[in-house]
Amino acid sequence: MRHALREAELAYQLGEIPIGAVVAFTATGQVIGRGHNQTEQLRDVTAHAEMLALTAAANHLGNKYLHDCTLYVTVEPCVMCAGAAAWAQVPRVVFGAPEEKFGYRRHGQLLHPRCELVTGVLADECAALMQRFFAERRK
């Protein structure tokens, strides 16, 4: 999750909503894909951290399926990103802070039924970065 937090910090520095994600091999922890929000920079509503990390991992493996991988993301994925993780057959998703407004869990189970979900990892740090970003925007 620390790698994902570093990605979120990069997004923050670029003026993007500070969400970061990495995909790592579950057994070794080796990061094979990383991303941070780039929706403003790329002018692309799909350029979420998770989408970029999933794409990078698939390119690294040369396979659209990310078996034996874990997706780490600083904030609960949205519906689009949870759906992409399901289609990629990611067997484990770990996120930090919940997202009450846009998080996928408001809409039911979107991850693969056998996907292990771990929540609350470094939640305070993940939430603090988001809160700092939006507090600065409201000034």
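- As named in an unreviewed UniProt entry, the protein is tRNA-specific adenosine deaminase, taken from Hymenobacter busanensis.
- Of the comments in the UniProt record for the protein, the one headed Sequence similarities (unreviewed entry) reads "Belongs to the cytidine and deoxycytidylate deaminase family."

### So, the pattern of salt bridges
Phase 1: Taken as a whole and assessed by the stated rule, the structure comprises four salt bridges.
Phase 2: For R132, the salt bridge goes to E9, with nearest N and O atoms at 3.7 Å. With R132 in helix α5 (residues 123-138) and E9 in helix α1 (residues 2-13), this pair connects stretches of sequence that are 123 residues apart.
Phase 3: The class for R132 is partly exposed, based on a relative accessible area of 38%.
Phase 4: With its nearest N and O atoms 3.4 Å apart, the salt bridge here joins E116 to R92. Of this pair, E116 sits in strand β5 (residues 116-119) while R92 is found in strand β4 (residues 92-97), placing the two residues 24 residues apart along the sequence.

### Quick look at the nonpolar core
Phase 1: V23, L66, L71, V90 and L111 are the most contacted members of the largest nonpolar core, which has 25 residues in total.
Phase 2: Going through the elements one at a time, β1 (20-25), α3 (49-61), β3 (69-75), α4 (79-87) and β4 are the ones with two or more residues in this core.
Phase 3: Counting residues per element, this core draws most heavily on α3, at five residues.
Phase 4: The next biggest cluster of nonpolar side chains, apart from the first, holds nine residues, and it includes A4, L5, V22 and A24.

Cut-off values and rules
- Within every chain, residues take consecutive numbers counted from 1 along the sequence as written.
- For a predicted model such as this one, the threshold for reporting local features is a pLDDT of at least 70, and the threshold for listing and counting side-chain atom pairs is 80 or more; totals across whole chains, interfaces and linings nevertheless cover every residue.
- Hydrogens and waters are ignored; side-chain quantities use all the structure's heavy atoms.
- UniProt positions are given in the numbering used here, feature names are shortened, and annotations may be inferred rather than shown by experiment.
- Throughout this description, the term salt bridge denotes a Lys or Arg side-chain nitrogen within 4 Å of a carboxyl oxygen of Asp or Glu.
- Counting from the N terminus, the helices are the DSSP runs of H or I reaching at least four residues and the strands are the DSSP runs of E reaching at least two.
- With a 1.4 Å probe rolled over the protein chains alone, any residue whose accessible area is under 20% of its type maximum counts as buried; one over 50% counts as exposed, and the rest are partly exposed.
- Take the buried residues of types Ala, Val, Leu, Ile, Met, Phe, Trp, Tyr and Cys, join any two whose side-chain atoms come within 4.5 Å, and each joined set is a nonpolar core.

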